[in-house]
Each structure stands twice: as C-alpha cells, then as structure tokens.
There are 2 protein chains.
Amino acid sequence: MTIYQATASAPVNIACIKYWGKRDTKLILPTNSSLSVTLNQDHLRSTTTSRADPNFTSDHLWLNGKEEEIKPGGRTATCITEMKRLRKLEVEDQDPSAPPLSTWRVHIASYNNFPTAAGLASSASGFAALVASLAHLYELPVSPSTLSLIARQGSGSACRSLYGGYVAWEMGTKPDGSDSLAIQVAPESHWPDIHALICVVSDDKKGTSSTSGMQRTVETSSLLQHRIAHVVPQRMKDITKAIQERDFDTFARITMTDSNQFHAVALDTEPPIFYMNDVSRAIIAVIVEYNRVSLASGGGYKAAYTYDAGPNAVIYAPAQNMKEIVSLVTYYFPQTTDSFKDVFGLFSGTGAEGSLVEGFNENVAKKFGVGAVKGLIHTNVGDGPRKLGEGEALLGDDGLPSAIPA
Amino acid sequence: MTIYQATASAPVNIACIKYWGKRDTKLILPTNSSLSVTLNQDHLRSTTTSRADPNFTSDHLWLNGKEEEIKPGGRTATCITEMKRLRKLEVEDQDPSAPPLSTWRVHIASYNNFPTAAGLASSASGFAALVASLAHLYELPVSPSTLSLIARQGSGSACRSLYGGYVAWEMGTKPDGSDSLAIQVAPESHWPDIHALICVVSDDKKGTSSTSGMQRTVETSSLLQHRIAHVVPQRMKDITKAIQERDFDTFARITMTDSNQFHAVALDTEPPIFYMNDVSRAIIAVIVEYNRVSLASGGGYKAAYTYDAGPNAVIYAPAQNMKEIVSLVTYYFPQTTDSFKDVFGLFSGTGAEGSLVEGFNENVAKKFGVGAVKGLIHTNVGDGPRKLGEGEALLGDDGLPSAIPA
C-alpha cells in the first residue's frame, strides 16, 4: 500500500518594512506592502509532515507533539481546505488517474526547533511549512507565490516564508486577495553577506497579540493612514533598490526607521501598545552609537536593528561586523556559555567577549545583569522551504506523531 | 532713595496638547498650537525678584542662589531686552517724568521651590516669573498675552504660564511671531475640580533635551507633518470645547491620545527618541485599566495620564478620584512617608495606602520596588503669576541674592 506523505521545513522571516494592519481580517489582506529577510533554516525552522489517508476519519494537527484543535472556519482549516481545492483543480481535474487525495483526511505533525519562550513568531515558519508539506504531498505544479496566497490566510507574514532571500509581500488591490502575495526581490545568493543576530529579551508581561493590536491601530491611530498612503510605498521602492544594489547604508536606514515607525503607530493606538522595553531601548542606543562612531569617521552604517511585536531585537549586519556586534551586545548584556552558540566560529568556539569599539561612548546605556538578554542567536540570510526525506518525517507508520527530534 | 524692585511667582504648566517642533528656532515659533493646565503655585512655583538700579554695571542673574551667565543674544538676554523695550515704549515714551528704568541694568534672582532632580521642567515657570517680575518692576500696562510673547522667546512653553487655569498657545502665522501667544481658554474658577498627581520617575540616563530633540523630529519624522496639519487643529477645537463644558471624558481621551502621539513622533525620529521607560509604561497600564473598569460598568473616564519630555507621569483627574489614584499608584510603586505629602488630607495626613479598586486586573503591571517612583506630588489647577510683597524678595538691600527661602 502506498503511503501518501511528505515532509518540508520552512524558515522564519523578519521584516524590514513592517506589516501592521489588515484591510480584510478574514482573508488577511494588509493595509500596506512589507518586505523581509528570510533567515537560515539551518538554525531556525519549522518542520512539518503531512499525510493523506482514505482511512483517516478527520483532519488532525499536532504541534510540537501536542494535538491542537483545528477549528472549523479557522486559519488552519482554511489553509487545508485551500490546499485540497488546489489539489483537485491542478492535479485531479487534469488527470483522472491521480489518486483522490483532495477527498481524504490529513494528519499533520509540525515541530519548531526553537523554544516558544524565545518569543520568536513561529506562525510564519509554521504556516509556510504546513503549506509546503501539503504542496509536496499533493504534487502541486504551482509557484511559491501561489502557495503564499494560501499561507497568507494562515498568518499574514507566513506568505513571505515561501521564498528564501529578500521577499516582498505585495499588498495587492483586489477584494478577493488574489494579488496579495509574496514575490522574491532577490535570492539569498544575490546578497549572501547579510547576517542577523537575534537578541532574546526577557519581558515582565505578555504584550498585546499582534492580531488584536494591529486592528486597534487601524481603528484608532491618526498616524497609520499617513504611513500607509505616504510613507511605505516609497520605502518599498527604496529598499528594493538597496537590496538590488547591495547598498547596506540605505538598507540599514530604512530598516531602522521603519521599525521605529511601526512602534510609533503602535504607541499612537488607543490605548497605546508598547512592545519594546528598557532593554530593547538600550540595544537601540548601542546600535545607534555603533553607527555614529563609524559615520563620524567617514564610514557607513555598520548594523541595523529591527523589532517585531515583542521586545526582541534582530540586528542585521554584513558578516564582517558581527564579531564586533556580538562583543558590544555582550558588553552591556552579559551572556553565559549556554546563551550564545558561536555557530560561525567568531570567537573560535569560546565564549563571546564583551568589548567596545574605539571611540564608543560607553554611557549610551547602562550595563545590565545576566539574563536581561536571555540569549543571542546568530544566523544569516537563507533559502526558502525545503523538501525533506522520509527519514525526517514527524509521523510514524501509524500516522501518529513520532518522537520529537532532538 | 527709591528702590526699584519687584517680586513675582509663576506656576508650572503641563500640556494636554503637546508642543513639539519649532518653525522658527530663534523666535521660538511652534509648528502647532498647544494647550495646558496651569498647576497650583501653592505647591510648585518659581519666584523671581528683579531690580533696576543706575549704579549696576551689568545685568546679572542668580538661579537658586548660583550666578548664571547671561549670554549675549541668548534667551535670557532676549527676554530682558524685550522687557526694557516695552518699558520704554509703553511707559517712558508716554510719560517723560517716568524714571528711565529701561536704561538701567538689572539684577535678577530666581528660585524654584521644587528640586531640579524632580525632572520637572523649570524653564516654563522660570521664564514666566522672570517676565512677570520685570513687568511689575517696569509697571507695564500690558496684558498677560503680551507678556507671553516675550516669555515664549525664553522657553516656548513658558508663554502658557502667564495665565492660570486652562491655557492655549496659539501658534500664529506671522513670521515675526507677534500672533504666537497664550490665551486663556478658561480660568481655574471655571473648572476648579481638576487635580493632578505628578509621579516622579527614576531614570537611568539623561534623555535627549527637548530643544534638540524636537528639531530632530522636525527634520526626520515622516509622521510629524501629518500630526501638525491634520491632527492637532481638530484636537485643539475639541479639547477647548471639552474644557468649556467641563467634559472630563473628552478631556481625558484627548489628553492621553495626544501624549501618546507626541511620544510616537519622538520615536519616529532618526535616531529615535525615547522619554518613557518601563515604569512610565506601567503607570500607563494602571491608568488604562482603571478607566477600563469604570467604562465597563457604564461609568466614564476616571483619570488621564500625560508625559512630557521625560519619564515622569502627570495624572489629571477630578478631585474625587484622587484618593483611589494615589492608592493604585502606591500599590504598584510603594512610597515612603517622605515621598508623598498628603497636602489635601486624602489619607487624614497618614501615609498613602496601596490598594486596588474592585474589578481591577492586578496583572496589568508588576509591582515595583521602593524608589521606582521616587515621589508623588498632589496638586490642582491654579492661578497665573502673582505679585508678591517685599517680604518675599530674593534680593537683599545690597542688590545681591539673600538666603534661599526654606
């Protein structure tokens, strides 16, 4: 008996031009276009196995080994339904001999290799991996952009995880959302030099969820409409050009100003939404000073911070600056040997050393204690979803989740 | 021999519609109108004595007993020059027998009764007291609005301290600034019920000065122009009406949203400017929850927070809510017996007790340690500059500063 099963992994992406606000909450159509860098799934990824079987009695989903309800009409159900529809349309309707997988129930097991406590949005990589694994299972002859239309309905930013490299989510204009999809601005090979340092920041309290927060901003912020109509369109053009030209100065400036503006419109919400805390602010001060020192001596920007809907910083920089950046961050936010894994061998595998660069004004931030930044994750720009072999499947022969990978 | 000397005190004001940005940095002409509440100078004030004498060899200024340089062409020099010009124009040119005080040098001693460390802007009350004392010395037959034109050139927001009650600073349109002045929207007697609780918040580092910060916002924020052109004009109309109608719900909403928006455009600046810290954010969360509980049970807004260019909160509320507010703040930010003076006898002169109101979600903020909020100052809406008697003069018979008052 043939087993119909496929496994895929998908990457995390972190936006440089932020998505904040929906014009259609059901279809997840955004109020502005956005653009992100896909991070290397060698380090951070969601892996998903999907299996279709005529004997399954209903659709099931396990996340990190724990079963999650698939709510009728909910986001996961929508993605599965849309993928089955594509299977029928693109495969079964074309080839009557193809097995009728679109009519069979699915079992889906998904696993994130990064802890939920890290505060990294796993919904983007998770929905991208879900859609990618189903696309392989269903042998769909469609582009990542077409798949992104479906991943978008799971979680908006998930659509950008269907491509590697530098990815735009074009907001589109059609009411049915058929032109609101991801396109690749440039593959990772075009500008492989971009690295990222994720600073995992402790927070006292759970922030506002991005889903509810962004709609409160749409409803109450007087500044958001100006951002949508008059700021983002030009920034999308400018950062696309910067990526095409590998112009880090422009890329860095736009990335930082757009992160600031996203948090500004969150603050302009009623009641106000804060995602950054005092540690986040201190990391900004360190990066601002690091760039100031370089610019003052005739150099360019050395690094760019960006913050999503939480206190964690992501610092983008050319690879050659990352050792200095890890040293600077470690100077103000001491790390233990466990909290920074030197995967790129910057410190020859030993612990990261905290130190300042010449001319750096130490007083831009106070020195925090161990744990203020719980950990550092060093990664780089990476590829899009990968098809994995049966050896990496997350479902056992019985169609139930196997042991979680180490 | 006649001694030509006058003493005046002037109040602090805290804006509900924020001033942020100059269209003329020399004349201090703002990019938008603003509106403030004048606080009671029984509690917080600057007191200034000015003396003119033909034997003085140069102008001198002492601030809190310490001599400050009067820089030629600087803000203090401009105010003194303008006041001398008015003396000549309005008095000496009209009455040739009037003593030629406009040609004599002045000695000026000023004293703030609140510590600089409290982080309260003393420039507003200070320049208002300077101008008010000179106006009495020179016996100028001019309105507070005319004096506000001069105080404005010392420190923009000082112009609003020339009136008690509820005060607008009309931005004006003329290049010479002659229509950029303060007007009284309503006297304190119109709505005497408004109290204020100042929460003095500790901060790790010195923030960006408002003078340099606001110009960076003018130069780099994409959102500021929208605020100036499309948001503030309507808010000025709406809050003026709210004050006229003693409509606290509208007053509170506008005050909080405008504080948020000022900090939003500061964040939208390159590099970003942060004035609020984690303690400021927690105070906002407490006030938001306090209002939520009231609104959920069909009541109105109970309190409104506002933040200037620093981490201190000012909470405006009807007098009847202040005991609850002090209790709420004290619950999360414990006070010592010294750090809150119960001047209105809310707690019968004993220490403030921390407690929550019914239905309040305790988890909106964590409980901080003693010192996170260094002190609470309870005050209320108050009157404009006061002429004081010779018994309160800050200059001795020798024309030099006398002992600082207790």
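Residues numbered from 1 in each chain as written. Chains lettered and ligands numbered in written order. Predicted model: local features only at pLDDT ≥ 70, side-chain atom pairs only at ≥ 80, totals over all residues. Heavy atoms only, no water.

**A word on the sheet that holds strand β6 (residues 45-53) of chain B**
All names here are of chain B. The strand order across the open sheet built from 6 strands is β8-β7-β9-β6-β1-β16, with neighbouring strands paired in mixed fashion. Of all the strands in the sheet, just β8 (66-68) and β16 (386-388) have a single pairing partner and so form its edges. Between one strand and the next, the sheet's axes are offset by a mean angle of 25 degrees, whatever the strand orientation. In terms of strand pairing, strand β1 (residues 4-11) meets β6 through 8 bridges, oriented antiparallel. Within β6, the residue paired with Ala 6 across the bridge is Ser 50. (Pairing = 2+ DSSP bridges. Helix = DSSP H or I, 4+ residues; strand = E, 2+ residues; numbered from the N terminus. Axes fitted to C-alpha atoms, helices over the stretch in contact; angles between N-to-C directions.)

**Examining the pairing of β6 of chain B**
Residues and elements named next belong to chain B. For β6, the buried fraction is high: 8 of the 9 residues fall into the buried class. Here 8 bridges tie β6 to strand β9 (residues 105-112), and the two strands are oriented antiparallel to one another. When the sheet's bridge partners are listed, Arg 51 is paired in β9 with His 107. (Buried < 20%, exposed > 50% of the residue type's maximum accessible area, 1.4 Å probe, protein only.)

**Quick notes on the environment of Arg 51 of chain B**
Residues and elements named next belong to chain B. Looking at where Arg 51 falls in the secondary structure, it is placed in strand β6. It is 5.3 Å that separates the C-alpha atoms of Arg 51 and Val 106, two residues lying 55 residues apart in sequence. Setting aside residues no more than four positions away along its own chain, Arg 51 makes contact with Ile 3, Tyr 4, Gln 5, Phe 56, Arg 105, Val 106, His 107, Leu 137, Leu 395, Gly 396, Asp 397 and Gly 399. A distance of 2.7 Å separates a polar atom in the side chain of Arg 51 from the backbone oxygen of Gly 396. (Contact = heavy atoms within 4.5 Å. Polar contact = N/O pair within 3.5 Å; in protein donor to acceptor, adjacent residues only side chain to side chain.)

**Remarks on the relation of the copies chain A and chain B**
Comparison of the two chain copies shows a relationship of rotation about an axis with a shift along it. Note on the identical chains: chain A maps onto chain B by a rotation of 180 degrees and an axial translation of 0.0 Å, with an RMSD of 0.0 Å. Here the symmetry operator amounts to a two-fold rotation axis. Of the C-alpha atoms belonging to chain A, the one lying closest to the rotation axis is found on Ala 264 of chain A, 2.1 Å away. Most of the interface of chain A is mirrored in chain B, where 100% of its interface residues again form contacts. (Least-squares fit on C-alpha atoms with pLDDT ≥ 70 in both.)

**Here's the deal with the interface of chain A and chain B**
Chain A puts 32 residues into the contact, and the matching count from chain B is 32 residues. Buried surface at the junction of chain A and chain B, summed over both partners, amounts to about 2,800 Å²; 59% is from carbon and sulfur atoms. Here chain A is connected to chain B by 2 salt bridges. The closest approach of N and O atoms between Arg 253 of chain A and Glu 270 of chain B, which form a salt bridge, is 2.7 Å. Of all the elements, helix α6 (residues 248-267) of chain A adds the most residues to the side of chain A that touches chain B, at 8 residues. (Buried area = accessible area lost by both parts, 1.4 Å probe. Salt bridge = Lys/Arg side-chain N within 4 Å of Asp/Glu carboxyl O.)

**Focus: the side chain of Asp 342 of chain B**
Residues and elements named next belong to chain B. Looking at the secondary structure, you find Asp 342 in the loop between α8 (322-332) and β15 (373-380). Reaching out from Asp 342, the side chain makes a polar contact with the backbone nitrogen of Phe 347 at a distance of 2.7 Å. Those residues in contact with Asp 342 that sit more than four places away from it in its chain are Phe 347, Ser 348, Gly 349 and Thr 350.

**Details of unusual backbone geometry**
The amide bond that connects Glu 270 of chain A to the next residue, Pro 271 of chain A, takes the cis arrangement and shows omega of -15 degrees. Here Pro 271 of chain A is to be found in the loop between α6 and α7 (278-296). Its identity as a non-glycine residue notwithstanding, Asn 64 of chain A has a phi of 50 degrees, on the positive side. Along the chain, the position of Asn 64 of chain A falls in the loop between β7 (60-63) and β8 (66-68). Within the chain, Ile 28 of chain B stands out as a residue other than glycine whose phi angle is a positive 55 degrees. Along the chain, the position of Ile 28 of chain B falls in the loop between β3 (22-24) and β4 (29-30). The class for Ile 28 of chain B is buried, based on a relative accessible area of 0%.

**Comments concerning the sheet that holds strand β12 (residues 194-201) of chain A**
All names here are of chain A. Judged by pairing direction, the sheet is antiparallel, and its 4 strands sit side by side in the order β13-β14-β12-β15 without closing on themselves. Each edge of the open sheet carries a strand with a single partner, namely β13 (304-307) and β15 (373-380). Averaged over neighbouring strand pairs, the angle between their axes works out to 20 degrees when direction is ignored. The pairing of β12 with strand β14 (residues 313-318) spans 6 bridges and is antiparallel. Residue Ile 194 lies in a different strand from β14, and its bridge partner there is Pro 318. Contacts between α7 and the sheet are confined to β12, β13, β14 and β15, with β13 contributing the most and set at about 160 degrees to the helix. Sitting on the sheet, helix α8 (residues 322-332) is in contact with β12, β14 and β15, with an inclination near 15 degrees to β12.

**Observations regarding the pattern of salt bridges**
Pairing between side chains of opposite charge can happen when the charged atoms of each approach one another. All names here are of chain A. The full count for this structure, using the stated rule, is 30 salt bridges over all chains. A salt bridge links Glu 68 to Lys 66; its shortest N-O distance comes to 4.0 Å. Look at Glu 68 and you get partly exposed, because its relative accessible area is 30%. Put simply, Asp 42, Asp 383 and Arg 386 are held in one network by salt bridges that share partners.

**Considerations on empty space enclosed by the protein**
Tallied over the full model, the rule gives 3 cavities of 30 Å³ or more. Quantified by volume, the largest cavity comes out at close to 190 Å³. Together, 20 residues line the largest cavity, and Leu 267 and Phe 274 of chain A together with Leu 267, Phe 274 and Met 276 of chain B are the ones closest to its centre. Going through the elements one at a time, α6 and α7 of chain A together with α6 (248-267) and α7 (278-296) of chain B are the ones with two or more residues in the lining of the largest cavity. (1 Å grid on protein atoms, 1.4 Å probe; cavity = no way out; pocket = protein on both sides within 12 Å on 5 of 7 lines; lining within 4 Å. Points joined across faces, edges and corners; volume = space filled by probe spheres on them.)

**Notes on the domain arrangement of chain A**
All names here are of chain A. Here chain A is partitioned into domain 1 (4-187 + 386-392) and domain 2 (194-380). Between domain 1 and domain 2, the contact holds 30 residues from the first and 42 residues from the second. Here domain 1 packs against domain 2, burying approximately 2,900 Å² in sum over the two surfaces, 69% of which is carbon and sulfur. Looking only at domain 1, the three residues that lose the most surface to domain 2 are Ile 17, Lys 18 and Trp 20, adding up to 29% of its buried area. Remark: the boundary between domain 1 and domain 2 carries 1 salt bridge. Ionic pairing is found between Lys 18 and Asp 308, a salt bridge with its closest N-O pair at 2.5 Å. Across the domain 1-domain 2 interface, the total number found is 10 residue pairs in polar contact (both at pLDDT 80 or more). (Domains from an automatic or database assignment.)

**Considerations on the packing of aromatic side chains**
Where two aromatic rings form a pair, the distance of their centres and the angle of their planes describe that pair. Per the stated rule, a full pass over the model turns up 28 aromatic pairs over all chains. A centroid spacing of 5.5 Å and a plane angle of 75 degrees characterise the contact between Trp 191 of chain B and Phe 251 of chain B, whose relative ring orientation is edge-to-face. Of this pair, Trp 191 of chain B sits in the loop between β11 (181-186) and β12 (194-201) while Phe 251 of chain B sits in helix α6; the two residues are 60 residues apart in sequence, bridging distant segments of the chain. Note on accessibility: Trp 191 of chain B and Phe 251 of chain B belong to one class, buried. The structure contains a cluster of three or more aromatic residues connected by ring pairs, namely Tyr 166, Trp 191, Phe 248, Phe 251 and Tyr 316 of chain A. Residue placement shows Lys 367 of chain A over the ring face of Tyr 331 of chain A; its charged tip is 3.9 Å from the ring centre. For the cation-ring pair, Lys 366 of chain B lies above Phe 368 of chain B, with the distance from its terminal atom to the ring centre recorded as 4.9 Å. (Phe/Tyr/Trp six-rings, centres within 6.5 Å; stacked < 30°, edge-to-face > 60°. Lys NZ or Arg CZ within 6 Å of the ring centre and 35° of its normal.)

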